[in-house]
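# Understanding the architecture of this molecule
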Amino acid sequence: MTTYSSVGKPITRIDGSNKVTGDSLYAGDVQLPGMLHCKLLRSPHAHARIVSIDTSNALALEGIERVITAADLPTFNPKRMSNRAYNLLAADEVLFYGQPVAAVLAVDVSTAEEALDLINVVYDELPAVLDSLAAMEEDSPLARAPVTEIDRSESKGHVSVDVKEEQSDKPSNIASQAKFSRGDVDQGFDEADCVVERTWRSAMMHQGYIEPHSTVADFNAASGELTIWTATQGQFFVRDQISNMLRMPETKIRVIGTELGGGFGGKIFLTQTLAAVLAKLAGRPVKIIFTRKDDLQGATPSAGCVVDLKTGMKKDGAITAIKAKIVYDAGAFPGASAVVGAILLGGYYRFPNLEIETYEVLTNKVSVGAIRAPGAHNVTFAIESHMDMMARELGLDPLEARMQNAVSEGDKMPSDVPYTRIGMKECLEAVRDSDLWKSRGKKQNGNGKARGIGMAVGGWLGGLQPASAHVELNGDGTIKVVVGANDISGTNTSFMQIAAEELGVPLEMVSVGTGDTKTAPFAGMSAGSKTLFTVGRAVKEAAEDARQQLFNIAAERLEANPDDMESVDGEIRVKGSPDKSIPFRRLAGITTGFGALYPPIIGRGAITARKQAPGFTAQVAEVEVDEETGQVTLLNWGIVQDAGFAINPLSVAGQMQGGATQGIGIGLWEEMIFDDKGHLMNDGLLDYRMPTALDVPNIETQIVEVPSEEGPYGARGVGEPSIIPGAAAISNAIEDAIGVRVTEAPATPERILRALGKI
Amino acid sequence: MHRFEYHAPTSLDEAVALLKEHGDGTKLLAGGTDLLVHMKEGGLHPPRVVSLHAVAGLDGISFDKSEGLSIGSAVSMGDIEANDTIRQRYTALAEGAGIVGSVQTRSMATIGGNIANAAPSADTAPPLAVFDAIAQIIGSGGAREVPVIDLFEGPGSTVLAGDEVLTGFTLPTPPANTGSVYQRHTPRKIMDIAAVSVGVRLSLDGGNIGEARICLGAVAATIIRATEAEDALAGQTPSTELFAKVAELARAASSPISDVRGSAEFRHHLVGVMTKRCLDVALERAQEN
């Protein structure tokens, strides 16, 4: 086994102290001379025609510079208007509660807020389509004009699947659909000894990042240059989109991805174009900072979903068939990739017979976007509950039943694409050996509360996108790494480890910086569990390139063969002759000093990723359920995840704990609640409940390492899988505790009491 | 937040005069944990805010066996939670104050604000009611006293006139062998707001229940006393059957609505369960005292 000196070691994040002390600069910290503050007037209706907008009273308020409506904005090709991004402000019709209708530009935030109340909009209310299943009926009213074009460029940053989705040929609320089949499901169910058929519902929920959406835009009319400071996971994506939308060359657009206060898939591209357009119209810099209410009402949450699922299993544990209909509620614009859900639903286990239909349905709710593993937790809630129920009914061990049917390398997904090497079974093995899983059935109930343990697995395919990096030798012999990837999860710390490893220098000699789109080498968006998987490879390649350049120069100076060089303790030396060496500092001098003999050292790394390395996790929940109140208390949580190779085990464990915590939130609390008119009822963090520190139990993490083919040192994506199985593990633990099944996530006390028949 | 006029009077007289002059749209500011949130995010735009921060004498806690407990309206939740006398003799009140918001909230939030805000879910309201607390009020017409249970007219609304200030509360000394408790149901452990809350006080007389108070929160437009349930306890020997019957009476007394924090049926159910549990705890505490 290879031994490493820098990678594989737990390192605290290089950006950690600045975050803790408040020294990090976020987009909201950017202040420019003459800057205006923008507030958006949002629709009070889920679906209505805009009859008129009168902005005169707002404009009369002291401190108000401009009030902008759709009439003031550039117009786009009507075909593009199916895409949420192009709907900067609603023009004739509002399609969801909270959709922006007008933008106020004022000298300060409070004045802008005050002016919102002075804008008079006359609406003509239209019927709101809110239930995704009813919306699929032939005679359902339409939530909106049928979509003309679906732009999947953003969601492709999160996961790469090559399946053609179909669009409806007649006016319908179904934005896209796909069907997968294999074998003969009827025959499969005939062969089964146990068939379970249930409907599983999971709520629309929010990514819940700490920092709300934040953007500052500055347009220089003289030079024609646009500069944008923004909280984004993908600064190059933002640049490309603005360039397309506003028909500006990318040379004139500089996007500076600032320190990010969480993204979880929800911080890609939302307010940047609007800010740019407003800055251009006003001739002054414009800042848009969302409030929490703005974010809950009008960002891009995660789709709600209904899964009708039927599965069969034989007495010996062999699964026989799966038949399913998946319906994602996308809200008012396409944004839920239905295909991925189908691939995962039927893709964890070797179902010989399979028939899965999947739909993305439009309703008059805020339109959805990506979340950590978009669409995965919804379908995993269904399939992982079924595996438990079938095993339970047949008297089989739920973990062994999973092991028996689990996919491994070469097994085909529902899309017929074979898996590369994956670690699902290794995760199950680790759970099997864990103390928490072994304690099943051995703990006493007490105080009228019942204890239970449940488990579930989750997997995520991951995204693929090219990436590049530079590694340079500084004038003092230290190392500079420049990347274009926005660091959302500690990736820059891992890049430091990679560069140090390849150059044979201590970590202290390496700095890593994320440049902006004008200065940094290209990277795809930090999403799809692929930043380390792709950009990490580019950094490794760039460091190797720099090392070779150093070897070549050192070899010439030392009159030796470049192939005989090694890098140790900050110097390049001839292998086996430690006295024949040249320090990095000296190499820096002869490559950067006046009259230097050699050109500067600049290593180049540029890669494209072609082979997915799906990441799997298995998690265990121990719960205590109060059967009189329906309250669930989590006692313990265990998570095992395949990291391929953990370049920074501390960072990987942090990702696992964070994702597990979000999964717990999905399982027990997080739910966007709409009334029968489509108004969001919980637009603050009091009633949109995310778990607090007291609600989350100790989370025991265990990393397993099944190397990927392409990732650096065998690393695979670790960001997303951890969020996936939480709701299913909790549902399974609840049934273990109280013998009833809650088929809706989150499993609120009220839903548990209903399942128990107590209300 | 919209622009507003700000006043910081240094005496109650000055505060009352300001209120009298400017009328009903004026809001009083104490800890600000409700008011500022409403002004920033809840669409509340008062033209005028009168702060009580500079008014002296509203932040004391005193206890005297014959006089009972006196709490100024500007006493913080944190100070109530930490007060030994309240913890021992008025346990339910310490529990109610101690569960509001977060540590930071409790350092700012005041008991007067919690009551004057008149949320049916206010965590100090049922505890004050079970101890027969009297609200002290001062206005341009002079001082007056109103039992806390009679203070509320509906969500966000009290009997206080536009020129009146809530200055504090007096709570009689509970009889010996008294036990009290406050519990609430929230989906999360902390940083939450009651879907149902129950305050109970039992004062034992020998082996029997002498005096009983049951006050329910968040299950009607205001907090409510479950008086039939209380009457069913008086003079009785505590037993599981009795408590079950009383819990059922409390359940019948509640008239919850369905909202984002739970359906009416759910809340109804919880009133029974929680009343029963609170009776058990209150009895145990009464027997220990």
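Cut-offs and rules
- Just so you know, the residues in each chain are numbered from 1, in the order the chain's sequence is written.
- The lettering of chains begins at A and the numbering of ligands begins at 1, in the order of writing.
- Since the coordinates come from a predicted model, pLDDT governs what is reported: local features require at least 70, and pairs of side-chain atoms require 80 or more to be given and counted, while whole-chain, interface and lining totals use all residues.
- Any residue whose C-beta has 12 or fewer other C-beta atoms within 10 Å is treated as exposed, any with 20 or more as buried, and any in between as partly exposed, C-beta atoms being built from the backbone.
- Here a helix means four or more residues in a row that DSSP labels H or I, a strand means two or more in a row labelled E, and each is numbered from the N terminus.
- Arc definition: directions from the helix axis to the C-beta atoms.
- In this description, a residue-residue contact is defined by the distance between C-beta atoms placed from the backbone, which must lie within 7 Å.
- Delimitation of the domains relies on an automatic or database domain assignment.
- In this classification, Asp, Glu, Lys and Arg are treated as charged, Ala, Val, Leu, Ile, Met, Phe, Trp, Tyr, Cys and Pro as nonpolar, and every other residue, Gly included, as polar.
- Strands were regarded as paired on the criterion that DSSP finds at least two bridges between them.

What follows concerns helix α11 (residues 398-405) of chain A. For an α-helix, the turn length of 3.6 residues means that residues three or four places apart are oriented alike. Residue and element names in this part refer to chain A. Along α11, the positions that sit buried rather than exposed are P398, L399, A401 and R402. Down the axis of α11, the smallest arc covering the buried residues is 165°, so these residues share one side. Against the buried residues of α11 lie α10 (376-394), α12 (424-432), α13 (435-438) and β16 (449-460).

For the rest of this paragraph, the subject is the domain arrangement of chain B. Residues and elements named next belong to chain B. The domain architecture assigned to chain B consists of domain 1 (5-51), domain 2 (61-171) and domain 3 (178-288). Computed from C-alpha atoms alone, the centre-to-centre distance between domain 1 and domain 2 is 19 Å. Taken together, the contact pairs 13 residues of domain 1 with 17 residues of domain 2. Grouping the constituent residues of the side of domain 1 that touches domain 2 by class yields six nonpolar, four polar and three charged.

We now examine the interface of chain A and chain B. At the interface, 24 residues of chain A touch 20 residues of chain B. Broken down by secondary-structure element, the contributors of at least two residues to the side of chain A that touches chain B are α3 (109-116) and α19 (749-755) of chain A. In terms of residue class, the side of chain A that touches chain B is built from eight nonpolar, seven polar and nine charged.

The next subject is unusual backbone geometry. All names here are of chain A. Following A745, the chain continues into P746 via a peptide bond in cis, with omega recorded as 5°. Among the secondary structure elements, P746 is positioned in the loop between β27 (744-745) and α19. Its identity is not glycine, yet S529 carries a phi of approximately 50°, on the positive side. Judged by the 28 C-beta atoms lying within 10 Å of it, S529 is buried.

This brings us to the sheet that holds strand β11 (residues 178-185) of chain B. Residues and elements named next belong to chain B. Taking strand neighbours across the sheet as the criterion, the four strands line up as β11-β12-β13-β14 in an open arrangement whose pairing is antiparallel. Edge positions in the sheet fall to β11 and β14 (224-225), since each has one partner strand and no second. Taken together, the eight bridges between β11 and strand β12 (residues 196-205) define a ladder with antiparallel strand orientation. Residue pairing across strands places V181 opposite V200, the latter belonging to β12.

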